[in-house]
Amino acid sequence: MHSDYLSFFGLNDHPFRLTPDTRYFFPSSKHKAVLEVMKYGIQRGEGFIVVTGDPGSGKTMLLRVLLKELDPAFETALIIAPTLEPKELLQAILEDIGVDFNPSDTKERLVKKFRDYLIDLVNKGKRLLLVIDEAQNLPLSSIEEIRLLSNLEMEDRKLFQILLVGQPSLESKLKSPELSQFAQRVSVWERVAHLSLEETIWYVQHRLGKAGGSHIPIEKGAEKILHRSTQGIPRLINKVMDRSLLVMAAKFQRRLTKDVIKEAIRSLGPTLEDDGLKQIRSNWITMGLVSLAILVLAFIGFTIWWFLGKRL
């Protein structure tokens, strides 16, 4: 079916693969803005940079584009999905930058090795960018360890820059009372937004073009179903569109219709929900309930004020 899929639409690659391939990066205004702010924060070299977003919103893609376009003066250390205690985190960082250590080394010894590496890097006219992806998985003690590591500095500059990338729960974690000192040092705090209805259509056509295909006609109203079912989340758009192309190829149909998208969504079933949509909807419901509670309290307060005013 895959070969028919490609040949039917004249494609030389699968345009809606789930792996983040920078060749397919879609520079929406929101994603591009976050990318530019990250670059600015890194060049400034001040404080922590924190980027959050819902699952599938494009954080990893942005991170890959950033690392690809990073100034050659930067070396990078990338730690992914860490559930690491402070000493384990230090070991993971040293391993990634190629510094030898003994597993029996104390944490203090590991910190010294890290500092020596950073100073040597600065003497070569370079700096380190430490990137931690899926940072919401870090224990509080390890986030505090990162804050302590950020104290490694020279008289006129920081020895390295720190970028934390994670899901919205990272925001809540960093705003906890235990990490108040960390939060005070965050100089850049960005959230990756979902694509709008218009951007969702541009995104689809952009990826088709990158895969060697041409513009696919879209039935009026089909774009709304696609956007509503995916909420403008790139990963979910990829899943629905990949399945839609399969359905279209099986029916020898070159137009994306409402029925095709509905059939694709039905065939995917709960996998759309399992891919982060449940969590996102839960967040929205929670925010809605909080807003409702605020309105109710405001109404009660106004009623009491009005009643007392009438009495007086």
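This one's a predicted model, so the numbers in the text were calculated from it and none came from an experiment.

As for the sheet that holds strand β1 (residues 48-53)
Next, step 1: Spatial ordering of the open sheet is given by β2-β3-β4-β1-β5, a layout of five strands whose pairing is parallel. The open sheet is flanked by β2 (74-80) and β5 (186-192), the only strands paired with a single partner. Across this sheet, the average inter-strand angle for adjacent strands is 15°, counted without regard to direction.
Next, step 2: As defined by bridge partners, β1 adjoins strand β4 (residues 160-166) across five bridges and the pair is classed as parallel. Directly across from Ile49, in β4, lies its bridge partner Leu163.
Next, step 3: In this fold helix α4 (residues 86-97) packs onto β2 and β3 (127-133), with an angle of close to 135° to the strand it touches most, β2.
Next, step 4: Against the sheet, helix α5 (residues 107-123) engages β2, β3 and β4, with an angle of about 130° to β3.

Description of the side chain of Glu145
Next, step 1: Note on placement: Glu145 falls in helix α6 (residues 140-149).
Next, step 2: Residue Glu145 is classed as buried on the basis of its relative accessible area of 6%.
Next, step 3: Residue contacts for Glu145: discarding those within four places in its chain leaves Pro86, Leu90, Lys107 and Val111.

Side note on the nonpolar core
Next, step 1: Counting 35 residues, the largest nonpolar core has Phe114, Leu128, Ile132, Ile146, Phe160, Leu164 and Phe182 as the members making the most contacts within it.
Next, step 2: Listing elements by their share of this core, those giving two or more residues are β1, β2, α4, α5, β3, α6, β4 and α7 (169-174).
Next, step 3: Discounting residues that sit within four places of it in the chain, Phe182 has contacts with Phe48, Ile143, Ile146, Arg147, Leu164 and Leu174.
Next, step 4: Counting 32 residues, the second largest nonpolar core, distinct from the first, contains Phe26, Leu236, Val240 and Met241.

Considerations on a positive patch on the surface
Next, step 1: Together, Lys220, Lys224, Arg228, Lys258, Lys262 and Arg266 line one region of the surface with positive charge.
Next, step 2: Listed by contribution, the elements that provide at least two residues to the positive patch are α10 (222-230) and α12 (258-268).
Next, step 3: At three residues, α12 tops the list of elements feeding residues into the positive patch.
Next, step 4: Topologically, Arg266 is positioned in helix α12.
Next, step 5: Overall, the relative accessible area of 61% leaves Arg266 in the exposed class.

So, the packing of aromatic side chains
Next, step 1: Within the structure shown, the criterion is met by six aromatic pairs.
Next, step 2: Measuring from centroid to centroid gives 6.1 Å for Phe8 and Phe252, while their planes differ by 70°, and the two rings are edge-to-face. Residue Phe8 is located in helix α1 (residues 2-9), and its partner Phe252 is located in the loop between α11 (234-250) and α12; the two are separated by 244 residues in the primary sequence.
Next, step 3: By relative accessible area, which is 14% here, Phe8 ends up buried.
Next, step 4: Phe252 gets classed as exposed once you look at its relative accessible area, which sits at 68%.
Next, step 5: A centroid spacing of 5.7 Å and a plane angle of 85° characterise the contact between Phe26 and Tyr203, whose relative ring orientation is edge-to-face. On the criterion of sequence distance, the pair formed by Phe26 in the loop between α1 and α2 (29-44) and Tyr203 in helix α9 (residues 197-210) is long-range, its members being 177 residues apart.

With respect to the pattern of salt bridges
Next, step 1: All chains considered together, the criterion is met by 14 salt bridges.
Next, step 2: Put simply, Asp13 and Arg23 hold a salt bridge, and the shortest N to O gap is 3.5 Å. One end of the pair, Asp13, is in the loop between α1 and α2; the other, Arg23, is in the loop between α1 and α2, with ten residues separating them in the sequence.
Next, step 3: Overall, the relative accessible area of 12% leaves Asp13 in the buried class.
Next, step 4: Between Lys126 and Glu75 there is a salt bridge; the shortest N-O distance is 3.0 Å. Note that Lys126 is positioned in the loop between α5 and β3 and Glu75 in strand β2, a separation of 51 residues in sequence.
Next, step 5: A relative accessible area of 29% means that Glu75 is categorised as partly exposed.

Focus: the packing of α9 against α11
Next, step 1: The N-to-C vectors of α9 and α11 enclose an angle of 60°; their axes lie 11 Å apart at closest approach. With respect to α11, the axis of α9 lies oblique. The handedness of the crossing between α9 and α11 is right-handed. Residue-level contacts link Thr200, Tyr203, Val204, Arg207 and Leu208 of α9 to Pro234, Ile237, Asn238, Met241 and Leu245 of α11.
Next, step 2: Of the residues contributing to the contact of α9 with α11, the split by class is seven nonpolar, two polar and one charged.

Side note on the packing of α11 against α12
Next, step 1: At a minimum axis distance of 8 Å, the contact between α11 and α12 shows a crossing angle of 115°. It follows that α11 is roughly perpendicular to α12 by the angle criterion. Taken as a pair, α11 and α12 cross one another with a handedness that is right-handed. The residues of α12 that touch α11, namely those facing Lys239, Val240, Arg243, Ser244, Val247 and Met248, are Val260, Ile261, Glu263, Ala264, Ile265, Ser267 and Leu268.

How each quantity is defined
- Residues numbered from 1 in each chain as written.
- Predicted model: local features only at pLDDT ≥ 70, side-chain atom pairs only at ≥ 80, totals over all residues.
- Heavy atoms only, no water.
- Pairing = 2+ DSSP bridges.
- Helix = DSSP H or I, 4+ residues; strand = E, 2+ residues; numbered from the N terminus.
- Axes fitted to C-alpha atoms, helices over the stretch in contact; angles between N-to-C directions.
- Contact = heavy atoms within 4.5 Å.
- Buried < 20%, exposed > 50% of the residue type's maximum accessible area, 1.4 Å probe, protein only.
- Core = buried A, V, L, I, M, F, W, Y, C linked by side-chain atoms within 4.5 Å.
- Patch = residues over 30% accessible without salt bridge, like charges linked within 9 Å, V, L, I, M, F, W, Y side chains within 5 Å.
- Areas by Shrake-Rupley, 256 points an atom, 1.4 Å probe, with all protein chains shown as cover.
- Salt bridge = Lys/Arg side-chain N within 4 Å of Asp/Glu carboxyl O.
- Lys, Arg positive; Asp, Glu negative; His and termini not counted.
- Charge placed at Lys NZ, Arg CZ, Asp CG, Glu CD.
- Phe/Tyr/Trp six-rings, centres within 6.5 Å; stacked < 30°, edge-to-face > 60°.
- Parallel < 35°, antiparallel > 145°, perpendicular 65-115°, else oblique.
- Left-handed = near helix turned anticlockwise from the far one by under 90°.
- Nonpolar A, V, L, I, M, F, W, Y, C, P; charged D, E, K, R; others polar.

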